[in-house]
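These are the residues of each chain, in order.
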Amino acid sequence: MGKASSKLSKEELKELKEITHFESKELQQWYKGFLKDCPSGQLSRDDLRGVYKQFFPFGDPGAFSDLVFDVFDTDNNGTVDFKEFITALSISSRGSVDEKLKWAFQLYDLNKDGLISQEEMLSIVTAIYKMVGSMMKVPEDESTPDKRVQKLFASMDADKDGQITFEEFSEGSKKDPTILSALNLYDGLV
Amino acid sequence: MSSQASGSGPAGVDDDNSGIKGDRIAPESFEDTMDPARVEPTRDLAPLLAALESPKFSLFECIDLLVKYADNIGIHFRLCQQLRNFPQLQIEFFLPQLVHVFVAYETESAALEDFLNELCHESTHCTLIVFWHLQASLSDLEDQPQSYGFAAAKRLYNKIQNMIFASPIAPDEQIRDNTQPALVLASMIAASTAVPEASRYIRPLVMSQGRKQRSKLLRVANRLKRLGSVSGTSSTNTQEAIEHSADQVASRASAVFRAGHQYDIAAQSMPDLSRVVAGGYDSAARRLSGDIVRSPLRNQLKTNYFRSEMQFVYSLQSISNRLLRVPPAARLSALQLELALINRDLPAEVDIPLLIPDGAGNRHNRIVRISPTEATVLNSAEKVPYLLLVEYLKGDLTFNPDSERNRHLLAKNGQRRYLFDRNFSQSPPAPGTPLIETTFDEEEQDLGLVPVADRERLVPSANASTVSLVPDPNSESGGLGAPLTRAEAVAAAGNTEPVSNTVSINDLASQMDMASIILSQLEVAQSGKLPKAEVEAIKARIVDNMQSMQNHDLLAASKGEAGARKLENDLKTAGLSSSDDPSAANLAEDWTARKNRLRQSSPYGHYPTWDLFSVIVKTGDDLRQEALACQMISRARQIWRDAHVDVWVKEMRILITSSNSGLVETITNGLSIHSIKKALTGLQEPTAAGGAPAKVATLSQHFAVKFGDVSSVRYQQALRNFVRSLAPYSLLCYILQIKDRHNGNILLDNEGHIIHIDFGFMLSNSPGGRFALEVAPFKLTHEYVDLMGGPNSPAFKEFIALFKQAFHTLRQYADEFSAMVEIMSKDSTLACFQNGPATASQLKQRFHTDLSDADLDNFVENSLVYKSYGSVYTRGYDQFQMLTQGIYS
């Protein structure tokens, strides 16, 4: 995206319009907001941790923040720029369920082998539990990250090979009404 | 992306030594795993979480924490969720604090704004209180339109105004260009598969922050100028001229309303107001929008209530402003005439929030009548406060669209007419008549002048469907059981032909206004050419005329009787032999007797829910300091009550309606010690220039006259009441440094209780500043001690004991009181905070929390009481007041 100027250029707009679900006006508006929150136009790992501290003060969001940062930072350059931000926002708020799941899969597949291992899932769930702390009430059979992971694998890992493929991840998420409604929490609101 | 580079692979998580990995082996309960201590938050919030869970967690603690944690969105949000657990009455009590915290303490969190906004949707009274407080804050910050506080106050003010005056619109749920919540939103979608409950948990906070308005459009000034050029008025008749000049006098009061118009317009620039809500399941906003959709009729009724109420309160204030122009001799007549005019629009959908306790089940009271002849202009140097008696029916006002009266109101929706507005009450436009265009320039807009219909046009959207619910004055007002027509009500009050009366009272109003204008012009002319004697002659004639208007039939009813009765009552109360202070005399009549008398004569008296309320209308003063003092006294009262300390203080309430106006609850059974003494002493005026004043009557004499023999049960009960009230008030005067304690500000009620009023000087300001005469800890005169039977009497000992007990109890709340002062002093213009941050710490010191109980007792006896007892300084101050103000010592 280069240097942060106050408005998106024609070329930038054209590109973003193609890869996101946003209109020009919306893109300019979000860009303005992005620069207000992040005047350099580049969001660092620490910046993101700061954001999570604001939203999850009662737990420790550090680990989750770092995991998510890697999903946002698609070019792996250590910062999140506007393009990376608006792409993530576009998918998560306006994308189809399939788009969302495809994008989300990256969060779990830490070693990029196309599979989610129990270890990988545990690290994500643990990070989330740590982040939310005692504020969230969960049923007894999900009271620890381990229990939650076992439950997930029991329902998603169709072939019981201890790995979840993207297809298993996608099917498993869609057939679980709780997960499905969580995926659509912000539909129509952005 | 490699997990090594990011340091966030599975190994990375384990490195955080969370101990969670260990949990995999030994399955543990949810509580254990989620113990905040074990997940090790970087900031130690365990005490905060424990406090939130504690059943003792108080609303004020919550407010205090809102200030302390203003820097964290998540904590702020959690605290605001907690606010919702407190009963609405408690919230209402602390609304001044909540609004102040909202305006004065900068935060990124939108939670408090959301909370206040929702509260306003739920409670009409809270809406009015918040609205008026915001109005006051806005006028404080008028010269700093770029400040955080101004922007915040304006934003919420706009929202409320929209809710009140525009037809209800579903609250905006759309997420705006806020990066932070957007980042959390995106990541939580990714996390949905792993822990959907976590996504759900954080959604309300994401929405709250996401909805926040970013871009502040301050195009107000320009928009206003354009509107100012709209001029469609063809008639510049006398009435309008009168109104115009009346407005100039009232301009201070109306400044806020003018400002109000601006906010109206600014609201128009808010985007997306009509966007339809989609998706989501949890927010209160959703509940509210559902409510709006479900009950449009209820909302119409509420809108009607808000309009009527604001117009009512505004008219009461305008009267005070208009009276300022009237010569003192004619003020009472003018006031009574003004009130008679207001009376014509009653009963209406009006009450007095905060002051008159509400009926059960969210039913408001309905004001049905103001008794013009019972109103009194109070003594005041530069302003004209006045006292009125308001008749109301308890719980008669609801927003139930199915009630008979409300159905009637809704059926009238085509007719626009506005209450308590002289322009409108004269010629209500026929249904369907186009709105009258009125000149609308910046100098002259205010509620009294611009018909409300015009204000309405400034409110964004849906004006066409906004219906006015004000009933036709000449038709029956349904729903009051046996409905009384307005004409009947007037007839009952005036005891003459209704129709002719209605007409002539309008003439009277014009005459009165004309007279006032001429008088004020004469004031100006006096510095010019007209011979002084001539001016005086004209003035005298006009005043004479104005006074004679008072003899109008409408007002004349029962007048003579009332005078005689007054005298009678004066004689009864405290053995008053006569009275040359009408305000005092009016206050002196026994409240119960007065109520019964009014009930007998009132056309509404036969309703079982009829009741009477006495209120003082004040303009020209910032009453927020008074209100704060009353609030702290009420809080102390609660604390003592809960701890079963047998002391008595009067709960007093003040309704703030702008930065320089408000309604004040009256002490109905009390009389100032000054008045009591003056009356007892006789008619001799104190000689100002050195001559020896007459021997002033004592409190002991008063008690003897009022309560009989010292040994009688009545006397002893009254004395006990005196002691039970003197102790807590003495303590409060010391703790809060309440000054200006001359006898005009100390009352005695008809049961012997002492009551302090007027808190213009407290905490860090005092009359005379550094050279203040009142340096005693509190006022404890020889006279008080004599009344109790001397320093060795049982009553005096009880006084000391109660003082100590009250002190021991109250100082447990030292932190709360100092936090209260600290919070309210930020960015405050109130004089009591003139020492800045030191104000709160000095208050804390006076509680002497460092002393042991025994040491505190010693301190009370040896320092406080000893220093106060007959302090030469107290006496000096009373003598000073006697000489300069004629206030009896």
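For every chain, the first residue of its written sequence is number 1, and the numbers climb from 1 along that sequence. Chains carry letters from A onward and ligands carry numbers from 1 onward, assigned in written order. Per-residue local features of the predicted model are confined to residues with pLDDT of at least 70, and side-chain atom pairs are confined, for both listing and counting, to 80 or more; whole-chain, interface and lining totals are unaffected and use all residues. To get the side-chain values, take all heavy atoms of the structure and skip hydrogens and water.

For clarity, the cut-off: UniProt positions are given in the numbering used here, feature names are shortened, and annotations may be inferred rather than shown by experiment.
Going by an unreviewed UniProt entry, chain B carries the name 1-phosphatidylinositol 4-kinase and comes from Wickerhamiella sorbophila. On record in UniProt, under Subcellular location (unreviewed entry), the comment for chain B is "Nucleus".

Where an unreviewed UniProt entry is consulted, chain A appears under the name Calcium-binding protein NCS-1, with the organism given as Wickerhamiella sorbophila. Per its UniProt entry, chain A bears the Sequence similarities (unreviewed entry) comment "Belongs to the recoverin family."

### Focus on the overall build of chain B
As a reminder, the rule being used: Numbered from the N terminus, helices here are DSSP runs of H or I no shorter than four residues, and strands are runs of E no shorter than two. Here the term buried applies to any residue with accessible area under 20% of the maximum for its type, exposed to any over 50%, and partly exposed to those in between, with areas from a 1.4 Å probe on protein chains only. We call two residues in contact whenever any of their non-hydrogen atoms come within 4.5 Å of each other. Every accessible area reported is derived by Shrake-Rupley at a probe size of 1.4 Å, with residue values counting cover from the shown protein chains alone.
Looking only at helices and strands, chain B has 40 helices and nine strands in total. Looking at chain B as a whole, 59% of its 889 residues qualify as buried. Sequence-distant contacts, at least 24 apart, represent 78% of the contacts inside chain B between residues at least 6 apart. For chain B, the computed accessible surface area is about 35100 Å², with 52% contributed by carbon and sulfur atoms.

### Some remarks on the overall build of chain A
Quick note on the threshold: Each radius of gyration reported is based on C-alpha atoms, and the globular scaling rule is 2.2 Å times the count of residues to the power 0.38. Positive charges come from Lys and Arg alone, negative charges from Asp and Glu alone, with His and the N- and C-terminal ends not counted. By convention, the charge on Lys lies at NZ, on Arg at CZ, on Asp at CG and on Glu at CD.
A tally of helices and strands in chain A yields ten helices and four strands. Seen in sequence order, chain A has helices and strands lined up from the N terminus as α-α-β-α-α-β-α-α-β-α-α-β-α-α. In summary, chain A has a C-alpha radius of gyration of 18 Å against a globular reference of 16 Å for 190 residues, a match within 12%. When the backbone C-alpha atoms are referred to their principal axes, chain A occupies close to 50 × 35 × 30 Å. Out of the 190 residues in chain A, the part that is buried amounts to 55%. Of the contacts formed within chain A by residues at least 6 apart in sequence, a portion of 59% connects residues at least 24 apart. When the 24 basic and 34 acidic side-chain charges of chain A are each reduced to a single mean position, those positions are 7 Å apart.

### Considering the pairing of strand β1 (residues 364-370) of chain B
Residue and element names in this part refer to chain B. Operational definition: Here, strands pair whenever DSSP counts at least two bridges between them.
Of all seven residues in β1, seven are buried, a share of seventy percent or more. Judged from the five bridges that link them, β1 and strand β3 (residues 386-397) form a sheet pairing that is antiparallel. Along β3, the bridge assignment pairs Arg369 with Glu391.

### Describing the packing of helix α6 (residues 59-68) of chain B against helix α7 (residues 73-83) of chain B
Helices that pack against each other are described as a pair by the angle of their axes relative to one another and the distance between those axes. All names here are of chain B. Applied cut-off: Where helices are involved, their axes are fitted lines through C-alpha atoms of the stretch in contact, as for all axes, and angles between N-to-C directions lie from 0 to 180°. Orientation categories follow fixed angle ranges, with anything under 35 degrees roughly parallel, anything over 145 roughly antiparallel, 65 to 115 roughly perpendicular, and all other angles oblique. In this scheme the handedness of a crossing depends on how the near helix is turned from the far one: anticlockwise by less than a right angle means left-handed, clockwise means right-handed. Three classes are used: nonpolar for Ala, Val, Leu, Ile, Met, Phe, Trp, Tyr, Cys and Pro, charged for Asp, Glu, Lys and Arg, and polar for all others, with Gly counted as polar.
It is the contact of α6 with α7, at a shortest axis distance of 10 Å, that shows an interaxial angle of 160 degrees. In this view, α6 runs roughly antiparallel relative to α7, as classed from their interaxial angle. The two elements α6 and α7 cross, and the hand of that crossing is left-handed. Here α6 contributes Leu59, Cys62, Leu65 and Leu66 to the contact with α7, which in turn contributes His76, Leu79, Cys80, Gln82 and Leu83. For the contact of α6 with α7, the class distribution of residues is seven nonpolar, two polar and no charged.

### Section: the pattern of salt bridges
Residue and element names in this part refer to chain B. Quick reminder of the rule: We count a salt bridge whenever a side-chain nitrogen from Lys or Arg sits within 4 Å of a carboxyl oxygen from Asp or Glu.
Applying the stated criterion across every chain yields a total of 44 salt bridges over all chains. One salt bridge connects Asp140 with Arg624, and the closest N-O pair in it is separated by 2.8 Å. Of this pair, Asp140 sits in helix α11 (residues 124-140) while Arg624 sits in helix α31 (residues 624-642); the two residues are 484 residues apart in sequence, bridging distant segments of the chain. Between Arg720 and Asp646 there is a salt bridge, and its shortest N-O distance comes to 2.4 Å. Here the residue Arg720 occupies a position in helix α34 (residues 713-735), and Asp646 occupies one in the loop between α31 and β5 (654-658), the gap between them amounting to 74 residues. Looking at Arg720, the relative accessible area reads 29%, which means it is partly exposed.

### A look at the UniProt feature "domain: EF-hand" (unreviewed entry) in chain A
All names here are of chain A. UniProt's feature table lists "domain: EF-hand" (unreviewed entry) at residues 60-95, 96-131 and 144-179, given in the numbering used throughout. A helix fraction of 72% and a strand fraction of 8% characterise residues 96-131, whose end C-alpha atoms lie 27 Å from each other. Split by type, residues 144-179 is 69% helix and 8% strand. Its first and last C-alpha atoms lie 18 Å apart.

### Observations concerning the domain arrangement of chain A
All names here are of chain A. Note the following rule: Domain start and end points were adopted from an automatic or database domain assignment. Take the accessible area each of two parts loses on contact, using a 1.4 Å probe, and add the two losses: that sum is the buried area. Any N or O atom pair separated by 3.5 Å or less is treated as a polar contact, with the protein-specific requirement of one donor-capable and one acceptor-capable atom, and with residues adjacent in sequence counted only for side-chain atom pairs.
Parsing chain A into structural domains produces domain 1 (10-94) and domain 2 (96-184). Distance between the C-alpha centres of domain 1 and domain 2: 23 Å. At the junction of the two partners, domain 1 supplies 17 residues and domain 2 supplies 16 residues. Of all residues in domain 1, the largest losses of buried area upon contact with domain 2 belong to Phe64, Val71 and Ile91, amounting jointly to 37% of the total for that side. Our count for the domain 1 to domain 2 interface comes out at zero salt bridges. Where domain 1 touches domain 2, the interface holds two residue pairs in polar contact (both at pLDDT 80 or more). Among the secondary structure elements, those contributing two or more residues to the side of domain 1 that touches domain 2 are α4 (62-72) and α5 (82-94).

### Focus on the interface of chain B and chain A
With 70 residues of chain B in contact, the opposing surface of chain A contributes 81 residues. On inspection of chain B and its partner chain A, the count reaches zero salt bridges. For the pair chain B and chain A, the interface holds 18 residue pairs in polar contact (both at pLDDT 80 or more). Counting residues per element, the ones that place at least two in the side of chain B that touches chain A are α2 (10-15), α3 (30-33), α4 (36-39), α5 (46-53), α7, α13 (179-190) and α14 (196-210) of chain B. Split by residue class, the side of chain B that touches chain A holds 37 nonpolar, 20 polar and 13 charged.

### Structural notes on the packing of aromatic side chains
How we decide: Within 6.5 Å between ring centres, the rings of Phe, Tyr and Trp (the latter by its six-membered ring) count as paired, and their orientation is classed by plane angle as stacked under 30 degrees, edge-to-face over 60, tilted in between. Geometrically, a lysine NZ or arginine CZ counts as sitting over a ring once it is within 6 Å of the ring centre and also within 35 degrees of the ring normal.
Taken as a whole and assessed by the stated rule, the structure comprises 31 aromatic pairs over all chains. When the ring centre of B:Tyr105 is taken as origin, the NZ or CZ atom of B:Lys826, which lies over that ring, is 4.9 Å away.

### A word on the packing of α13(B) against α14(B)
Residue and element names in this part refer to chain B. Between α13 and α14, the shortest axis-to-axis distance is 9 Å and the interhelical angle comes to 160 degrees. Classified by the interaxial angle, the pair formed by α13 and α14 is roughly antiparallel. Relative to α14, the crossing made by α13 is left-handed. Judged by residue contacts, Pro181, Val184, Leu185 and Met188 of α13 engage Ala198, Ser199, Ile202, Val206, Gln209 and Gly210 from α14.

### Focus on α6(B)
Residue and element names in this part refer to chain B. Within α6, eight of the ten residues are buried, which leaves it mostly tucked inside the rest of the structure. When α6 is considered as a whole, its buried residues turn out to be Leu59, Phe60, Cys62, Ile63, Asp64, Leu65, Leu66 and Val67. The secondary structure elements touched by the buried residues of α6 are α5, α7, α8 (88-93), α9 (95-104), α10 (111-122) and α37 (814-825).

### Some points on unusual backbone geometry
What is expected of a backbone is that most residues other than glycine have negative phi and most peptide bonds are trans. Residue and element names in this part refer to chain B. A cis amide bond, omega 0 degrees, links Leu346 with the succeeding residue Pro347. By the secondary structure assignment, Pro347 is in the loop between α20 (328-343) and β1. In the Ramachandran plot, Leu354 falls in the positive-phi region, its phi being about 70 degrees despite a non-glycine side chain. Along the chain, Leu354 falls in the loop between α20 and β1. Although it is not a glycine, Asp740 adopts a positive phi angle of roughly 65 degrees. Mapped onto the elements, Asp740 comes out in the loop between α34 and β8 (746-749).

### Digging into the sheet that holds strand β9 (residues 754-756) of chain B
Residues and elements named next belong to chain B. Here we have three strands laid out as an open sheet, ordered β7-β8-β9, and antiparallel in their pairing. Edge positions in the sheet fall to β7 (670-672) and β9, since each has one partner strand and no second. This sheet shows a mean twist of 35 degrees between the axes of neighbouring strands, independent of strand direction. For β7 and β8, the ladder comprises three bridges, and the chain directions are antiparallel. By the bridge assignment for β8, Ser672 is matched with Leu747. Packing against the sheet, helix α32 (residues 673-681) makes contact with β7, β8 and β9, and its axis sits at approximately 75 degrees to β7.

### Points about the nonpolar core
Residue and element names in this part refer to chain B. To be explicit about the condition: In these notes, a set of buried Ala, Val, Leu, Ile, Met, Phe, Trp, Tyr and Cys residues joined through side-chain atoms within 4.5 Å is what counts as a nonpolar core.
Core analysis: the biggest nonpolar cluster contains 270 residues, and Met788, Phe799 and Phe807 have the highest contact counts within it. Counting residues per element, this core draws most heavily on α34, at 13 residues. Leaving out residues up to four positions away in the same chain, Phe799 has contacts with Val723, Leu726, Ala727, Ser730, Phe778, Leu780 and Met788.

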